[in-house]
Amino acid sequence: MTSVAGAGPSWAGPVDTLLIDADVHEPMPQGHSGRDLIPYLDPHWQRYLSGNGGMWLGLPNPMSYTSPMVANALRAEWSDAAEGGVEALRRYVLEEEQVSIAILNGPVFYPSSMRTDPEFAHALAAAYNDYQVEHWLDHEPRLRGSVHVAAQRPDLAAREIDRVAAHPQIVQVVLPLATHVQWGDPAYQPIWEAAVRNDLAVAFHHDAATNTLLGWPRYVIEWHTVAAPHAATNQLMSLICQGVFDRNPQLKVIMLEGGIVWIQWLMWRLDQQYREMHANIPWVKRLPSEHIRDNVRAATQPATEVTPREFAQLVEMTGTEGVYLFATDYPHYDADSAAVVLPGSLPDELRRRVRYENALATYPRLAGLLG
């Protein structure tokens, strides 16, 4: 894997203009086929993607649907982003949206979602990490990247985190929300340890494997409404109740593209259950809400499920001013613009926290951005 001299200069502009985007997707020109990764794979694994050998039950097919652009959206579409690559991202996100730092979370391509062949999944993850560096990070110092891993083999995932973390523009590990075993399971401890020792946060994002509790609904609107927040609620609850934050107090996790208001419900509900049933999880030493405030972040997109005034009220009611990170979710059809979701009508402190302060406190490798 190639490397760059540094993680980019400190922010030189007025501090109030700093805007950190926690959820940007960099598409691959050939999409979910993975064929762009063939040059980065060992010849043994290249056969699996070239059609010349190998059988695997691969990544779930992404759901295909279109939707009209909405008022809060960036003027970008997935096809434009795929064809335009770094230049399109510069135009739509860094220039038009005036994002200062954009954190890449991948093209919704998560080897941890693969149903079989964990060694091949690991090879795909490593190949994508090298692809990301060469095609994205090496071309734009304002981008930050994520380590993709195959969590089916936590030992190999930890090794991959250590390898890729050597690149100074890497700031986090990214994982899918949908798993066969909850993320709180002790089997995943090597992944959390690797993230902490490399000063990386861990982000979770839904993909086509993320389902609803009752399976696939009849209409996409049903899936789009509940699949991601329900999965995020379940996984975050497992991280808390199975003691991940008690074992790894420095770990920061980010829930991406799940919306806003589920956080408050979970805090209230889980605190109440903790008071009643603490004997069931005696290794958890703090109220769940305290773990959420200290260890958990949620990206704002989609933020338009509540008005800015309602958002400010929810934050004040629950003391969650440190929880939220701004995100566009570029280049999806419902990508958010900061001008809409973080208007001047928000309290100045909350607006400042969501724009950049919370991100600086969440990603250790961004801490020096202000010099």
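Residues numbered from 1 in each chain as written. Predicted model: local features only at pLDDT ≥ 70, side-chain atom pairs only at ≥ 80, totals over all residues. Heavy atoms only, no water.

### Description of the overall build of the chain
The number of helices and strands found in the chain is 12 helices and 8 strands. Residues classed as buried in the chain amount to 56% of the 371 residues present. A fraction of 80% describes how many contacts in the chain between residues 6 or more apart in sequence connect residues 24 or more apart. Just so you have it, the chain exposes about 15700 Å², and 54% of that area is on carbon and sulfur atoms. (Helix = DSSP H or I, 4+ residues; strand = E, 2+ residues; numbered from the N terminus. Buried < 20%, exposed > 50% of the residue type's maximum accessible area, 1.4 Å probe, protein only. Contact = heavy atoms within 4.5 Å. Areas by Shrake-Rupley, 256 points an atom, 1.4 Å probe, with all protein chains shown as cover.)

### A closer look at the packing of aromatic side chains
How two aromatic rings sit relative to each other is set out by the distance from centre to centre and by the angle between their planes. This model, assessed by the stated rule, comprises 12 aromatic pairs. Grouping aromatic residues by their ring pairs yields a cluster made of Y40, F109, Y128 and Y131. (Phe/Tyr/Trp six-rings, centres within 6.5 Å; stacked < 30°, edge-to-face > 60°.)

### So, the side chain of S112
Within the secondary structure, S112 is located in the loop between β2 (101–104) and α3 (118–135). Here the side chain of S112 touches V149 through a polar contact of 2.9 Å, landing on its backbone oxygen. Apart from residues lying up to four places away in sequence, S112 is in contact with V149, A150, A151, Q152, L175 and P176. (Polar contact = N/O pair within 3.5 Å; in protein donor to acceptor, adjacent residues only side chain to side chain.)

### As for the environment of Q264
The residue Q264 is located in helix α8 (residues 262–277) in this model. Separated by 54 residues in the primary sequence, Q264 and T318 have C-alpha atoms spaced 6.9 Å apart. Once you skip the residues sitting within four places of it in the chain, Q264 turns out to touch L314, T318, T320 and Y324. A polar contact is formed between the side chain of Q264 and the side chain of Y324, at a distance of 3.0 Å.

### Examining the nonpolar core
A general tendency of soluble globular proteins is for nonpolar side chains to be buried together. Among the nonpolar cores identified, the biggest contains 92 residues, and W192, F204, L236 and L239 are the most heavily contacted of them. Considering every element that reaches this core, the biggest residue donor is α3, with 8 residues. Residues Y110, L325, A359 and L369 belong to the second largest nonpolar core, which totals 22 residues. (Core = buried A, V, L, I, M, F, W, Y, C linked by side-chain atoms within 4.5 Å.)

Keep in mind these numbers describe shape, not what the thing actually does.
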